[in-house]
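Chain residues, written in single-letter form:
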Amino acid sequence: STPFKTVAFIGLGVMGCSMASHLSKSVPTLLLHTRTKSRVPQSLLQLSNVSYFDSVEELMKGAPQVVITCLGYPHDVRDTYMNKILPNGQKGLIVVDCTTSEADLAKEIAAKGKELGIDSVDCPVSGGDIGAREGRLTAFVGGNEGALNEVRYLLETFCRSINYFGESGSGQHAKAANQVFIASAMIGVVEGMLYAYRAGLDVEKVIQACSGGAAQSFSMSAYGPRILKDDMNPGFYVEHFVKDMKIALDSCERMNLKLPGLELAKKLYDSLVEEGHGKKGTQALILALEKLNGFEMEKKGTAEKV
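Residues numbered from 1 in each chain as written. Predicted model: local features only at pLDDT ≥ 70, side-chain atom pairs only at ≥ 80, totals over all residues. Heavy atoms only, no water.

Novice: Is there a simple way to think about the nonpolar core in this case?
Specialist: In globular proteins that are soluble, nonpolar side chains generally tend to be buried together. With 38 residues, the main nonpolar core has V7, F9, M19, L32, V66 and V96 as its most contacted residues. Of all the elements, helix α7 (residues 145-155) adds the most residues to this core, at five residues. Those residues in contact with V96 that lie beyond four places of it in its chain are V66, V67, I68, T69, Y81, V121, C123, V151 and L155. (Core = buried A, V, L, I, M, F, W, Y, C linked by side-chain atoms within 4.5 Å. Buried < 20%, exposed > 50% of the residue type's maximum accessible area, 1.4 Å probe, protein only. Helix = DSSP H or I, 4+ residues; strand = E, 2+ residues; numbered from the N terminus. Contact = heavy atoms within 4.5 Å.)

Novice: It is not clear to me how empty space enclosed by the protein should be interpreted in this structure. Could you clarify?
Specialist: Empty space among the atoms becomes apparent when a probe as large as a water molecule is rolled across them. Taken as a whole and assessed by the stated rule, the structure comprises two cavities of 30 Å³ or more. The calculated volume of the largest cavity comes to roughly 50 Å³. Around the largest cavity sit Y81, V95, V96, D97, A106, I109, S120, V121 and D122, which together line it. Counting residues per element, the ones that place at least two in the lining of the largest cavity are β5 (94-97), α5 (103-115) and β6 (119-122). (1 Å grid on protein atoms, 1.4 Å probe; cavity = no way out; pocket = protein on both sides within 12 Å on 5 of 7 lines; lining within 4 Å. Points joined across faces, edges and corners; volume = space filled by probe spheres on them.)

Novice: So what exactly am I meant to see when it comes to the packing of helix α8 (residues 170-198) against helix α13 (residues 285-293) here?
Specialist: Helix packing for two helices is described by the angle between their axes and how far apart those axes are. One can describe the packing of α8 onto α13 by two numbers: an axis separation of 10 Å at closest approach and a directional angle of 50°. It follows from the interaxial angle that α8 and α13 lie oblique. The element α8 and its partner α13 pack so that their crossing is right-handed. Taken together, the residues of α13 that come into contact with α8 (itself represented by M186, I187, V190, E191 and L194) are L285, I286, L289, E290 and N293. (Axes fitted to C-alpha atoms, helices over the stretch in contact; angles between N-to-C directions. Parallel < 35°, antiparallel > 145°, perpendicular 65-115°, else oblique. Left-handed = near helix turned anticlockwise from the far one by under 90°.)

Novice: Explanation requested: α7 in the structure shown.
Specialist: Helical geometry: 3.6 residues make up each α-helical turn, so side chains three or four residues apart lie on a common side. Along α7, the residues classified as buried are A147, L148, V151, L154 and L155. In a view along the axis of α7, the buried residues occupy a sector of 95°, so they form one face of it. Where α7 begins, one side-chain oxygen reaches toward the backbone nitrogen of G146, 2.9 Å away; that side chain belongs to N144. (Arc of directions from axis to C-beta. Polar contact = N/O pair within 3.5 Å; in protein donor to acceptor, adjacent residues only side chain to side chain.)

Novice: Hey, could you run me through the pattern of salt bridges in this one?
Specialist: Side chains that carry opposite charge are capable of pairing whenever their charged atoms lie near each other. This model, assessed by the stated rule, comprises 15 salt bridges. Here D244 and K243 are joined by a salt bridge, their closest N and O atoms 3.0 Å apart. A relative accessible area of 1% places D244 in the buried class. The exposure class assigned to K243 is buried, which follows from its relative accessible area of 10%. Linking K258 and E263 is a salt bridge whose minimum nitrogen-to-oxygen distance equals 3.4 Å. Residue classification places K258 among the exposed positions, given a relative accessible area of 66%. (Salt bridge = Lys/Arg side-chain N within 4 Å of Asp/Glu carboxyl O.)

Novice: Would you mind going over the packing of aromatic side chains with me for this structure?
Specialist: Aromatic ring pairs: the centre-centre distance and the angle between the two ring planes describe each pair. Applying the stated rule across the entire model yields six aromatic pairs. Relative to F165, the ring of F140 has its centre 6.4 Å away and its plane inclined at 20°; by these criteria the two rings are stacked. Separated by 25 residues along the polypeptide, F140 in strand β8 (residues 137-143) and F165 in strand β9 (residues 159-166) bring together distant segments of the chain. The partly exposed category is assigned to F165, whose relative accessible area is 46%. Centre to centre, the rings of F218 and Y223 are 6.1 Å apart; their planes meet at 90°, and the pair counts as edge-to-face. Using a relative accessible area of 38% as the deciding quantity, one classes F218 as partly exposed. Within the aromatic cluster, the residues linked to one another by ring pairs are F236, F241 and Y269. Its guanidinium or amino end placed over the ring of F295, R198 lies 4.1 Å from that ring's centre, counting from NZ or CZ. (Phe/Tyr/Trp six-rings, centres within 6.5 Å; stacked < 30°, edge-to-face > 60°. Lys NZ or Arg CZ within 6 Å of the ring centre and 35° of its normal.)

Novice: Explain the pairing of β8 here, please?
Specialist: Within β8, six of the seven residues are buried, which leaves it mostly tucked inside the rest of the structure. Bridging between β6 and β8 involves two bridges; their strand directions are antiparallel. The partner of V121 across the bridge, within β8, is G143. One ladder, built from two bridges, connects strand β7 (residues 125-126) with β8; its direction is antiparallel. The residue of β8 that forms the bridge with V125 is A139. As judged from the six bridges shared by β8 and β9, these two strands associate in the parallel manner. Paired with V141 across the strands is Y164, a residue of β9. Between the parallel elements β8 and β9, the chain passes through α7 in a crossover that is right-handed. (Pairing = 2+ DSSP bridges. Right-handed = clockwise from strand over helix to strand, strands pointing away.)

Novice: Sorry, what's going on with helix α4 (residues 74-88) here?
Specialist: Along its 15 residues, α4 runs 20 Å from first to last C-alpha, staying within 8% of the 21 Å computed at 1.5 Å per residue. The axis of α4 is deflected most strongly, by about 40°, at Y81. Those residues of α4 not exposed but buried are P74, D76, V77, T80, Y81, M82, I85 and L86. (Expected span 1.5 Å × (residues − 1). Bend = angle between axes of the 7 residues up to and from the residue.)

What follows is the structure in structure tokens.
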């Protein structure tokens, strides 16, 4: 198929900025919009093939053939798609939502899109700020497979792995499963670190040793060293993870499924939000466990405080 001439990217947050930067190298014209323009690096805005718009409606006047979004919450997705993108999209448009959102909402968007001759793909991604920066995210895809195949080369600019699961909403369900895996894994990482610390061991050495064995995980290798440096900067926001876990737990309720590990993780992360840590990274879970135990693990404190 002919490569697309005009592509739009909406939502330039922690991950979106890097995703759009990779994308800019592969498209003749890239249209951008985000809520907070000041957070977008000038290096991206100044590219000759990039145009920035102050609203989604203005951006849609540029007649993009593909719109990729990476937004915050399901209510943002609903508003952006139902009120702004779909009503202003031309027939034949392909929309790709990389937000972690609700499966039922993905189905709604697909149904509304179909009425308007617009193809829809739900495509939440995983890998955090590091994965986005290095262009090696994992995508969980549901929706129109033909549309996916057309936009695949665009997704490959920031994804290392693209996995198709079936009808609309199935990408969101697969991403929810991913977050369930991570929820208990994060508890394991911080509990293991606190145990090693309390036992008088060199925690850094323990992480290095365990990283070569059965305990190895992305959560350990990405976030263990950050915790040791007292670096709570977000690769992925606590408040967004809480949103993801709520989506998964809501689905569990509908599927009559009990997941106690997920429920515990949600409770611990909720306590972080209540303490004002919602804008920190998910590694801030250490703070909740330290509070529970009444002591702080010694850290090397070199990072800027969030």
